[in-house]
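The primary structure of each chain is shown beneath.
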Amino acid sequence: MSKPHRKAKGPQVLTANRLVDGDVVYWRDETTWVANLSDAKVFEDEDALAKAEADAQAQVKADKILDPYAFGVDLTGGRITPGSMREHIRALGPSVRLDLGKQAEAA
Amino acid sequence: MYRYDEFDQSLVDARVTEFRGQVARRLAGDITEDEFKPLRLMNGLYLQLHAYMLRVAIPYGTFNSRQMHMLAEIARKYDKGYGHFTTRQNIQYNWLKLDDVPDLLADLASVEMHAIQTSGNCIRNTTSDQYAGAAADEIEDPRPTCEIIRQWSTFHPEFSFLPRKFKIAVTGAPKDRAAVQIHDIGIQIVENNKGEVGYSIFVGGGLGRTPMVGKHIRAFLPRQDLLAYLEAIMRVYNMLGRRDNIYKARIKILVHEASAAEFTRLVEEEFEKIDQTKLMALPEEELDRIAAYFAAPEFETLGPCPAEHLEALDRDRDFALWVKANVVPHKVPGYAIANISLKPIGGVPGDITSDQMDGVAELAKDYSFDEIRATHEQNLVLPHVRERDLYAIWQRLKALELATANIGLVSDIIACPGLDYCNLANARSIPVAQLISERFAELDRQHDIGELKIKISGCINACGHHHVGHIGILGVDRKGEEYYQITLGGSADENTRLGDITGPSFPYDKVVDAVETLVTTYVDLRQSGETFLQTYARVGLAPFKENLYAAA
């Protein structure tokens, strides 16, 4: 479940870690990375994703974020649900410490 | 224990200053991530799933109350109030911010600690027997040897860019508690038939993708030749180890591909060249100088087993069960070695809060000559306590919620951080350990099952030592789902053996049942007094496999 090597099919979200504190962030628009998956931009269009990925690489060069990559999400029920356990844990925090990570901040 | 001299302190302080400058340049955008990453890794700093993670070295697992208090303070100040003890006798912090790390390292340096060489392709922190200097079966305290290796290997320019990481472990007792045969170099202190103390050397052990048991390449190495011989091994590896393929870069692959005999020949040839120069021979006075740091504390002359201790054992069954599982004999009469389990039922293996760290530090100061040990099985040890103090120690541990009585039992599980924290993991380890410990929570049942070591890794890199678990569990990713492969019959002691894979892996919600099936099979098959491993050695994989997959 380490980082996906090839692009998932279907809706996707672009993610990275922020340089200064390593926090998980999601692409929202050219100027904004957000901390919560629910605020992320969902890409259903390959070209739009490719453009955002190119933009993310520029932000790596600008020393804002690290290691950007896209992952598949599920949109059932109007919510953005990560397609893998890895992304689920990145979005929420450790499954064994519900008092820590984004899940705790949201509570 | 060892105290920094002026050289140690100035090296560590200079490194903090250097890293402070590197972090500032990184945050200012003066260096790229590609340039910075190797620099941060040289200082033990990783980027994990949620944040930066720092791995702090505890040389050969020995530390004191002042250091433990600082580890607690660091967890409060820079992290989220807890730390995680690892299978490398290190402690890790999980929630760091990059710009805090230089201050954190300065705080560490103020108590003679650092995170240097806890990552990267260099010689890592040398690990050892957690009972060093206390064990009744010890030939010699292994820590002076470890300290000599630490001084030799720290910033050694020839070995700063090895093909791959390099781990050395030393044991001073015939009963191997340091798992030396699964290290790149394993050193066992031995005595020859002339009564001289020297070293028996294993090379090329390791777990990970290609697990191998170390090959025995030297039965007796005279003490003064230690560094010359290690240097010879490192040179052969540095010259011939593969740099073209990360999966074939560890020394175990070189030893395996060259054959142990040929590798030994190459090492002996190199050793001859070094030996003739005599530059590397360890002078007796230097050996004595280092050994003096580890002089035994001033033990009192005590009679065996005082009456108040025996009374407490009679009176308090919980205390008696804790003593049975967690306390082992000390080499000095009237003293004992007290293990502190970091495996509470349903807890996270190896995790400890700042308040608990402070509590353990106070206990060490009050009862154990100010010494604490970290074990490769993710527990702590008070190495030198009086038997008569055990009841008071246990009561204080109970108040700290650190009195779990399960050392070596089924719920004393090694688990790597797994997918809950780690960037490399394929599956979670910690919740599997939690579920197993909850299933077997009942202490009488645990004692009935007896010694049983379960080890869980969340990926093939095997930080959780699953290959050498009596029951090993490896998390794998099957089309995005967590599955767990089980191995049986592994062992990391003086009879090191890699476990046998049982067959197809189990989904997350079936793995605890699978473990219970294995335990029940053992209990049904065992003969009087047989441990899990002994039964497995007698009956083999077949009956376990049959029960495991019968329902499928």
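Along each chain, numbering runs from 1 in the same order as the chain's sequence is written. The order in which chains are written sets their letters, starting at A; the order in which ligands are written sets their numbers, starting at 1. Confidence filtering applies because this is a predicted model: local features only for residues at pLDDT of at least 70, side-chain atom pairs given and counted only at 80 or more, and all residues used for totals across whole chains, interfaces and linings.

**A word on the overall build of chain B**
Note the cut-off: What counts as a helix is a DSSP run of H or I of at least four residues, what counts as a strand is a run of E of at least two, and both are numbered from the N terminus. Atoms counted for the radius of gyration: C-alpha only. Globule rule: 2.2 Å times the number of residues to the power 0.38. Any residue whose C-beta has 12 or fewer other C-beta atoms within 10 Å is treated as exposed, any with 20 or more as buried, and any in between as partly exposed, C-beta atoms being built from the backbone.
Counting its regular elements, chain B contains 18 helices and 21 strands. The C-alpha radius of gyration of chain B comes to 23 Å, within 12% of the 24 Å expected for a compact globule of 552 residues. The C-alpha extent of chain B, read off along each of the three principal axes, is 60 × 60 × 60 Å. Burial statistics for chain B: of 552 residues in total, 53% are counted as buried.

**What to know about the sheet that holds strand 3 (residues 62-64) of chain B**
Residue and element names in this part refer to chain B. Let me state the cut-off plainly: Paired strands, in this sense, are two strands between which DSSP finds at least two bridges. Angles shown run from 0 to 180 degrees and are taken between the N-to-C directions of axes, each axis being a line fitted to C-alpha atoms and, for helices, limited to the stretch in contact. By definition, residues are in contact whenever their C-beta atoms, placed on the basis of the backbone, come within 7 Å of each other.
Read from one edge of the open sheet, five strands run 3-14-15-12-11, paired in antiparallel fashion. If you trace the sheet from one side to the other, it starts and ends with strand 3 and strand 11 (327-329), each paired once. In this sheet, adjacent strand axes meet at a mean angle of 30° when their direction is disregarded. In this fold helix 12 (residues 354-367) packs onto strand 3, strand 12 (335-340), strand 14 (371-374) and strand 15 (380-386), with an angle of close to 25° to the strand it touches most, strand 15.

**Some words on the sheet that holds strand 4 (residues 65-74) of chain A**
All names here are of chain A. Pairing in this open sheet of five strands is antiparallel, and the strands run 3-2-1-4-5 from one edge to the other. The sheet terminates laterally at strand 3 (32-34) and strand 5 (81-82), the two strands that pair on one side only. Across two bridges, strand 4 lies against strand 5 in antiparallel orientation. Bridge pairing in strand 5 places D74 opposite T81.

**Side note on the domain arrangement of chain B**
Residues and elements named next belong to chain B. Definition in use: Delimitation of the domains relies on an automatic or database domain assignment. The residue classification treats Ala, Val, Leu, Ile, Met, Phe, Trp, Tyr, Cys and Pro as nonpolar and Asp, Glu, Lys and Arg as charged. All others, Gly included, are polar.
We note that the domain assignment places domain 1 (6-109), domain 2 (142-293), domain 3 (307-399) and domain 4 (419-549) within chain B. Taking only C-alpha atoms into account, the centre of domain 1 sits 33 Å from that of domain 4. Taken together, the contacts link six residues of domain 1 with six residues of domain 4. Partitioning the side of domain 1 that touches domain 4 into residue classes produces two nonpolar, four polar and no charged.

**Some remarks on helix 13 (residues 390-399) of chain B**
All names here are of chain B. For the record, the criterion: What the arc describes is the spread of directions from the helix axis to the C-beta atoms.
Among the residues of helix 13, those classed as buried are L390, I393, W394 and L397. Down the axis of helix 13, the buried side of the element spans an arc of 100°, and every buried residue falls inside it. E401, located one to two residues past helix 13, shows a positive phi value of around 60°.

**As for the interface of chain B and chain A**
In many reports, interface size means the accessible area that the parts give up when they come together. The interface of chain B with chain A comprises 26 residues on the first partner and 24 residues on the second. Take the side of chain B that touches chain A: its biggest share by element is three residues, from helix 14 (residues 430-439) of chain B. Taken together, the residues that form the side of chain B that touches chain A break down as 13 nonpolar, five polar and eight charged.

**Quick word on the environment of E53 of chain A**
Residues and elements named next belong to chain A. When you line up the elements, E53 lands in helix 1 (residues 46-61). The class for E53 is partly exposed, based on 18 C-beta atoms found within 10 Å. Once the C-alpha coordinates of E53 and P68 are considered, the two residues, 15 residues apart in sequence, prove to be 7.5 Å apart.

**A few points about the environment of T76 of chain A**
Residue and element names in this part refer to chain A. If you trace the backbone, T76 turns up in the loop between strand 4 and strand 5. For T76, a count of 8 C-beta atoms within 10 Å puts it in the exposed group. Through-space distance from the C-alpha of T76 to that of L66 is 29 Å; in sequence the pair is 10 residues apart.

**Looking at the nonpolar core**
Inclusion rule: A set of buried Ala, Val, Leu, Ile, Met, Phe, Trp, Tyr and Cys residues, joined to one another through C-beta atoms within 7 Å, is what we call a nonpolar core.
Within the largest apolar cluster, 180 residues are counted, with the highest numbers of intra-cluster contacts made by Y52, L54 and I233 of chain B. In this structure Y52 of chain B touches G22 of chain A together with L45, Y46, L47, L96, K97, L98 and V101 of chain B, once residues within four positions along its chain are discounted.

**Things to note about the pairing of strand 2 (residues 24-29) of chain A**
Residue and element names in this part refer to chain A. Direction of pairing for strand 1 (residues 12-18) relative to strand 2: antiparallel, over a ladder of three bridges. Within the sheet, the bridge partner assigned to N17 lies in strand 2 and is V24. As consecutive antiparallel partners, strand 1 and strand 2 are separated by five residues, and within that stretch G22 has a phi angle of approximately 75°, a positive value. The hairpin turn running from strand 2 into strand 3, its antiparallel successor, is two residues long.

**Section: unusual backbone geometry**
Residues and elements named next belong to chain B. Positive phi, close to 60°, is recorded for E112, a residue that is not glycine. Residue position: E112 is located in the loop between helix 4 (101-109) and strand 6 (127-128). With 19 C-beta atoms counted inside 10 Å, the residue E112 sits in the partly exposed group. One non-glycine residue, F155, adopts positive backbone phi at about 55°. As for its position among the elements, F155 is in the loop between helix 5 (143-153) and strand 7 (168-171).

**Things to note about the environment of L282 of chain B**
All names here are of chain B. Tracing the chain through its elements places L282 in the loop between helix 8 (260-277) and helix 9 (284-293). When the 17 C-beta atoms within 10 Å are taken as the criterion, L282 is described as partly exposed. For the pair formed by L282 and N121, sequence separation is 161 residues and the distance between their alpha carbons is 26 Å. Contacts of L282, omitting those with residues within four sequence positions, involve I148, R223, Q224, L226, L227 and L287.

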